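In case you want the letters, here they are:
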Amino acid sequence: MTDRLTIRRPDDWHVHLRDGAMLHAVAPHTARQFARAIIMPNLTPPVTDAATARAYRDRIMAALGEDTDFQPLMTCYLTDHSAPDDIVGGHAEGVFTACKLYPAHATTNSAHGVTDIRAMTGVLEAMQRAGIPLLIHGEVTDRSIDIFDREAVFIERVLIPLIRDYPGLRIVMEHITTAEAAAFVTEADHPIAATITPQHLILNRNAIFDGGLRPHAYCLPVAKREAHRLAVRRAAVSGSPRFFLGTDTAPHVVGAKESGCGCAGIFNAPFALEAYLRVFDEEGALDRFEGFAAEHGARFYGLPLNEGTVTLERVAQQVPASTGEGATEVVPFMAGETLAWRLATDT
Ligand code: DOR
Ligand code: ZN
């Protein structure tokens, strides 16, 4: 049995770091585990231009202090009024790594998102030309579509026309949850990839209703039935360079989750690597973990692989009931459970 695993330093290609006190509380968890992370722009108000992204990046670095070598990779929140010049200029200057497409009202702080992607021609053509990746929250917002079908319907209604119209546009389908998405990303004749979260590898939709309503198992896209979880697991451990690590860690203060209308989001940053490694271990795919966690994403984004390594060891640890306090008290993913692996050293 393998008891120690050393891999190249990994990156997290989908993170919500929030702002203010919450940023200070949660950013160290991501910086402890990952060299770089794609930072989601859904603040209030959202990060919609290069100047705002620069200021947010400075706040992230200030929250982490002087000693960190963590690198936040900023994204631009697309709206119906996004300015192609600002996006292309911000990318050329190194402020923006990518743009995020939230269909309006799809999820937390997405009210300013895009109402009609077909009206985005100027922005999408500019991104295609400049090689700027488009990161997509892939769910339709049509309330008449069952919430468990919104990802599969998005592929049919939005994604297929999009890749037809923009054959060179680099696309990341974020946090995939369905067999349809796994198959589409695997087979598409297009520069497309997908991130996969720990929760969608570990939970199916029963977890949300296990003996009562479980708000800490609720995120968007919502977990699907078991057959989908298994398909997403197969994609993650397949070795395909189109699938890579993106936690979608999305902290909400405990009272906002345990509420009559609880927020969507799972805070998995503190033990993300350990949660993913559990899956690769169960699937007999420890040899594929480094590609998923530390290589596929960087290659898709055209960024250098990290120097240095991290080591995980088979030493049991218990996930605490909560982290932080007061306005930053958050319940982490798998609270109270025992994880078989532990992040040991940074070298
Ligand atoms: O569960 C989620 N939480 N899904 C998202 O798309 C957004 C995120 C958040 O910002 O809380
Ligand atoms: Zn997200």
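Note that this is a predicted model, so its numbers are computed, not measured.

Student: If you had to explain the overall build of the protein to someone new, which residues and values would you point to?
Tutor: Of regular secondary structure, the protein possesses 11 helices and 13 strands. The C-alpha atoms of the protein give 19 Å as radius of gyration, which agrees with the globular expectation for 347 residues (20 Å, within 12%). Each of the three principal axes of the protein carries a C-alpha extent, and together these read 50 × 45 × 40 Å. For the protein, buried positions account for 56% of its 347 residues. Of all intrachain contacts in the protein linking residues separated by at least 6 positions in sequence, the fraction that spans at least 24 positions is 72%.

Student: Tell me what's going on with the UniProt feature "binding site: Zn(2+) 2" (unreviewed entry) in the protein, and back it up with residues and numbers.
Tutor: The sites that UniProt annotates as "binding site: Zn(2+) 2" (unreviewed entry) are K100, H137 and H175. Spatially, the listed residues are clustered: although they cover 76 residues, their C-alpha atoms lie within 12.8 Å of one another. Examined against the element boundaries, H137 turns out to sit in the loop between β6 (134-136) and α5 (150-165). A relative accessible area of 2% places H175 in the buried class.

Student: Explain the site of ligand 1 to me, and be specific about the residues and the numbers.
Tutor: If you check the shell around ligand 1, you find 13 residues, and the closest are R18, N42, T107, L220 and H252. Contact distances for ligand 1 include 3.4 Å between an oxygen atom and a side-chain N or O atom of H16. Within the side chain of T107, a nitrogen or oxygen atom sits 3.1 Å from an oxygen atom of ligand 1. For ligand 1, the accessible surface in isolation is 290 Å², of which the surrounding protein chains cover 100%. Looking at the shell around ligand 1 residue by residue, the class counts come to four nonpolar, seven polar and two charged.

Student: I'd like a rundown of helix α11 (residues 289-301), residues and numbers included.
Tutor: The end-to-end C-alpha distance of α11, which contains 13 residues, comes to 19 Å, matching closely the 18 Å that a straight helix rising 1.5 Å per residue would cover. Most pronounced at E295, the bend in α11 amounts to some 45°. Within two residues after α11, G302 carries a phi angle of roughly 70°, on the positive side.

Student: So what about the packing of aromatic side chains? Which residues, and what values?
Tutor: On inspection of all chains with the given rule, the structure shows nine aromatic pairs. With a centroid separation of 6.4 Å and 80° between ring planes, the pair formed by F300 and Y301 is classed as edge-to-face. Taking NZ or CZ as reference, R170 lies 4.3 Å from the ring centre of F300, over its face. The positively charged end of R205 is found above the aromatic ring belonging to F148, 4.6 Å away from the centroid.

Rules used throughout
Residues numbered from 1 in each chain as written. Chains lettered and ligands numbered in written order. Predicted model: local features only at pLDDT ≥ 70, side-chain atom pairs only at ≥ 80, totals over all residues. Heavy atoms only, no water. Helix = DSSP H or I, 4+ residues; strand = E, 2+ residues; numbered from the N terminus. Rg over C-alpha atoms; globule rule 2.2 N^0.38 Å. Buried < 20%, exposed > 50% of the residue type's maximum accessible area, 1.4 Å probe, protein only. Contact = heavy atoms within 4.5 Å. UniProt positions renumbered as here; feature names shortened; annotations may be inferred. Near = heavy atom within 4 Å. Polar contact = N/O pair within 3.5 Å; in protein donor to acceptor, adjacent residues only side chain to side chain. Areas by Shrake-Rupley, 256 points an atom, 1.4 Å probe, with all protein chains shown as cover. Nonpolar A, V, L, I, M, F, W, Y, C, P; charged D, E, K, R; others polar. Expected span 1.5 Å × (residues − 1). Bend = angle between axes of the 7 residues up to and from the residue. Phe/Tyr/Trp six-rings, centres within 6.5 Å; stacked < 30°, edge-to-face > 60°. Lys NZ or Arg CZ within 6 Å of the ring centre and 35° of its normal.

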